[in-house]
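What follows is each chain in one-letter form.
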Amino acid sequence: MAAASPKDFLVIHLSDHPSAINELDESAVSKREQPEGDCSQIRMDQMTLMSRPEAYLQDLQMMERCLELAQYGAKKGELPFGAVIVSRGHVIAEATNCVSSESDVTRHAELVALSEAQKVLKRKRLQDCTLYSIVEPCPMCSFPAREARIGRVAFALSSPVMGGYSKWDVLKDDDLSNKLPEVFGQPPEIVSGLLSAQAEQVWRQWNPLVWRFMKRRGCIGSAADLPERHAAVPRPMISWTALAAFLAAPALLVSKAFLHSRAGSRAIPKLDPESDS
Ligand SMILES: [Zn+2]
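Here the structure is a predicted model, which means the values were calculated and not measured.

Student: How should the environment of Ala-109 be read in this particular structure?
Tutor: With respect to the helices and strands, Ala-109 occurs in helix H3 (residues 109-121). Along the primary structure Ala-109 and Pro-80 are separated by 29 residues, whereas in three dimensions their C-alpha atoms are 9.5 Å apart. Apart from the residues within four sequence positions on either side, Ala-109 is in contact with Phe-81, Gly-82, Ala-83, Ala-95, Thr-96, Asn-97 and Ser-133.

Okay, here's the thing in C-alpha cells:
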C-alpha cells in the first residue's frame, strides 16, 4: 500500500487535551534556545505558528499517529515504521513502509510521505512542514528531506547505527546549505524522544526477539525520559556563498571578455577537408 489518504484539516486545540498541559515540562526544551526572560508558554512558534504547548500537543498527536501507522504496516508484513507530514496543523501525508509490498528498498515510510506531501501541495519545498517518524530517518530519507527544505523533523527512537542525525551528519550538516544553498535548506529543527517508550513497545510487540537483538546491538536508541528539542540553525539574511558569487561576477565577466578577445586574435583555423595537411 502506498501512503494513506491525507486527513482533512486536523487542527489541534489545547483545550481538548488538558492532561497534556501538565505533561509539558519546559526542561524538555533545550536551554540554549531560551533567551533570558523568554516566556515560551505564550510565545508563538515561528515554524508551527502555534504556541509552544499547542505545538507540543501536535507533536504528541502526530507521533501517536506514527505509532498507529507502524502497527498497521507491521500487520501487512512491513517493518514497523510510520511517518506523517504536517503543515501548520494540517496533516498533508502519512505512510507506512512499503519495502516488502513493493519489493523496493527505497520505499521507506519517510520517503513515501515526502513524495506524497509534495504531490498534495504541488510544490517541492516543504519548509513549513514537520516530518514525524517513529524512528530517526536514515540518510537515504534525510537527504531528500534537506532538499525539500523540511522545517522540522520529530522522531521517537534514535538510530545510532543508521540514523541521518545520530550517526550520519545529514540532518544537522550546515555545510550542505552553506555551500549549496540552491539545493539544500538549512538544517531543520529536531525533536527527538517523543513517546519513545510507546514506540519501543510497538517494536517489542512486533517481534520481541528481534527487538532484543536490535537493542543489544545498539541499533535503536533507548527511550528518553523527556523529548529533546534541538533548534534549527538560524536562517541567514544573506547567503555568504551567494554574496561571494555576486561579487565575483564582474571579475568573471572581465576574464571572459579577455579570453574572448584572445581567442579572436588567435582564431583556431577551421579544418579544411580538402587540405592535405
Ligand atoms: Zn529511510
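Student: How should the pairing of strand S1 (residues 82-87) be read in this particular structure?
Tutor: Successive side chains on a regular strand alternate, one facing one side of the sheet and the next facing the other. Counting buried positions along S1 gives 5 out of 6 residues, so the element sits mostly inside the fold. Pairing geometry for S1 and strand S2 (residues 90-96), over 6 bridges, is antiparallel. Pairing of Val-86 across the sheet is with Val-91, part of S2. Counted between consecutive antiparallel strands, the loop separating S1 from S2 contains 2 residues, among which Arg-88 sits at a positive phi close to 50°.

Student: Any chance you could explain the confidence of the model for the chain here in plain terms?
Tutor: Low pLDDT marks regions whose predicted coordinates should not be analysed in detail. The share of residues in the chain with pLDDT of 70 or more is 65%, and the mean pLDDT across the chain is 77. Here residues 1-42 scores under 50 on pLDDT; set against residues more than four positions off or in separate chains, the count is 61 contacts. Across residues 267-277 the pLDDT falls below 50, and counting only partners more than four positions away or on other chains, this stretch makes 0 contacts in the model.

Student: Would you explain helix H4 (residues 139-147) in this entry?
Tutor: Because an α-helix completes one turn every 3.6 residues, residues spaced three or four positions apart along the sequence face the same direction. When we look at burial in H4, the residues that qualify are Cys-141, Ser-142, Ala-145 and Arg-146. All buried residues of H4 fall inside an arc of 135° around its axis, so they share one side. Within two residues after H4, Arg-149 carries a phi angle of roughly 60°, on the positive side.

Student: Any chance you could explain the packing of helix H2 (residues 52-75) against helix H6 (residues 196-206) here in plain terms?
Tutor: The relative placement of two packed helices comes down to the angle between their axes together with the axis-to-axis distance. Their axes nearest at 10 Å, the elements H2 and H6 cross at an angle of 5°. By the angle between their directions, the pair H2 and H6 is classed as roughly parallel. For the pair H2 and H6, contact is made by Leu-67, Ala-70, Gln-71 and Ala-74 and by Gln-198, Ala-199, Val-202 and Trp-206, respectively. Here the residues of the contact of H2 with H6 sort into 6 nonpolar, 2 polar and no charged.

Conventions we followed
Residues numbered from 1 in each chain as written. Predicted model: local features only at pLDDT ≥ 70, side-chain atom pairs only at ≥ 80, totals over all residues. Helix = DSSP H or I, 4+ residues; strand = E, 2+ residues; numbered from the N terminus. Contact = placed C-beta atoms within 7 Å. Buried ≥ 20, exposed ≤ 12 C-beta atoms within 10 Å, placed from the backbone. Pairing = 2+ DSSP bridges. pLDDT = per-residue confidence, 0-100. Arc of directions from axis to C-beta. Axes fitted to C-alpha atoms, helices over the stretch in contact; angles between N-to-C directions. Parallel < 35°, antiparallel > 145°, perpendicular 65-115°, else oblique. Nonpolar A, V, L, I, M, F, W, Y, C, P; charged D, E, K, R; others polar.

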